[in-house]
Amino acid sequence: MLQIGCAKIDILSEKIDQVEIENVKFHVVAKDGLSLKIDHNAASDEVAKTIIKKFIKTLPEMKNLFISVQMIDEMGRLK
């Protein structure tokens, strides 16, 4: 699972939820303040993180924003 933090979380949620990128489907599980928790069907969190970071860079709405993409392990801890 991934956690993404940014100031325009609602716009990002619309762009990512139920989207398939490079054969990986992303699903927004929860919104909490300025963070999204996202599930995916990639082989690993590292692969999903790389894909989603490339995708976010293509979005003009996210230009010049600080965006944090972190992995969440099985115990719910951020990596």
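Our structure is the block above this text.
All of these numbers come straight from a predicted model, not from anything done at the bench.

Chemist: What is the right way to look at helix α2 (residues 45–57) in this model?
Modeler: Turn by turn, an α-helix covers 3.6 residues, leaving residues three or four places apart pointing in a common direction. With 13 residues, α2 ought to run about 18 Å at 1.5 Å a step, and its terminal C-alpha atoms sit 18 Å apart, in line with that. For α2, the set of buried residues is Asp45, Ala48, Ile51, Ile52, Phe55 and Ile56. Projected onto a plane normal to the axis of α2, the buried residues spread over an arc of 130° and lie on a single side. As for α2, its buried residues are in contact with β1 (2–5), α1 (9–16), β2 (19–21), β3 (24–32), β4 (35–40) and β5 (68–71).

Chemist: Explanation requested: the environment of lysine 49 in the structure shown.
Modeler: Checked against the element boundaries, lysine 49 lands in helix α2. In the structure, lysine 49 is positioned 10 residues away from leucine 59 in sequence and 16 Å away in space, judged by C-alpha atoms. Those residues in contact with lysine 49, other than ones at most four positions away along the chain, are Leu2, Val69 and Met71.

Chemist: Just to check I follow, could you spell out the pairing of β5 for this structure?
Modeler: For a regular strand, side chains alternate in direction, first toward one face of the sheet and then toward the other. Burial along β5 is one-sided: the residues Val69 and Met71 are buried and none of Ser68 and Gln70 is. The pairing of β1 with β5 spans four bridges and is antiparallel. Pairing of leucine 2 across the sheet is with methionine 71, part of β5.

Chemist: Quick question: what am I supposed to make of the sheet that holds β3 here?
Modeler: What holds strands together in a sheet is hydrogen bonding between their backbones, with the strands either parallel or antiparallel. Across the sheet, five strands lie side by side as β2-β3-β4-β1-β5; this open sheet has antiparallel pairing. Each end of this open sheet is capped by a strand with a single partner; those strands are β2 and β5. The average undirected angle you get between the axes of adjacent strands in this sheet is 30°. Strand contacts of α1: β1, β2, β3 and β4, with the helix running at about 10° to β4, the strand carrying the most contacts. Its contacts with the sheet place α2 against β1, β2, β3, β4 and β5, and it is angled at close to 170° to β5.

Chemist: Honestly, unusual backbone geometry in this entry has me stumped. Any pointers?
Modeler: Where the residue is not glycine, phi is negative for most of them; where a peptide bond is considered, it is trans in most cases. One non-glycine residue, glutamine 18, lies in positive phi territory at about 65°. Within the fold, glutamine 18 resides in the loop between α1 and β2. Backbone geometry places glutamate 22, a non-glycine residue, at a positive phi of 50°. Counting through the fold element by element, glutamate 22 comes out in the loop between β2 and β3.

Chemist: What is the right way to look at the pairing of β4 in this model?
Modeler: Only one face of β4 is covered, namely the one carrying Leu36, Ile38 and His40; the face carrying Ser35, Lys37 and Asp39 has none of its residues buried. In this structure, β1 lies alongside β4, joined through four bridges in antiparallel fashion. If you follow isoleucine 4 over to β4, its bridge partner there is leucine 36. Bridge count between β3 and β4: six bridges; the pairing is antiparallel. In the strand pairing of β4, lysine 31 is matched with leucine 36. Where β3 folds back onto β4 in an antiparallel hairpin, the turn is made up of two residues, including glycine 33, whose phi is positive at roughly 65°.

Cut-off values and rules
- Residues numbered from 1 in each chain as written.
- Predicted model: local features only at pLDDT ≥ 70, side-chain atom pairs only at ≥ 80, totals over all residues.
- Heavy atoms only, no water.
- Helix = DSSP H or I, 4+ residues; strand = E, 2+ residues; numbered from the N terminus.
- Expected span 1.5 Å × (residues − 1).
- Buried < 20%, exposed > 50% of the residue type's maximum accessible area, 1.4 Å probe, protein only.
- Arc of directions from axis to C-beta.
- Contact = heavy atoms within 4.5 Å.
- Pairing = 2+ DSSP bridges.
- Axes fitted to C-alpha atoms, helices over the stretch in contact; angles between N-to-C directions.

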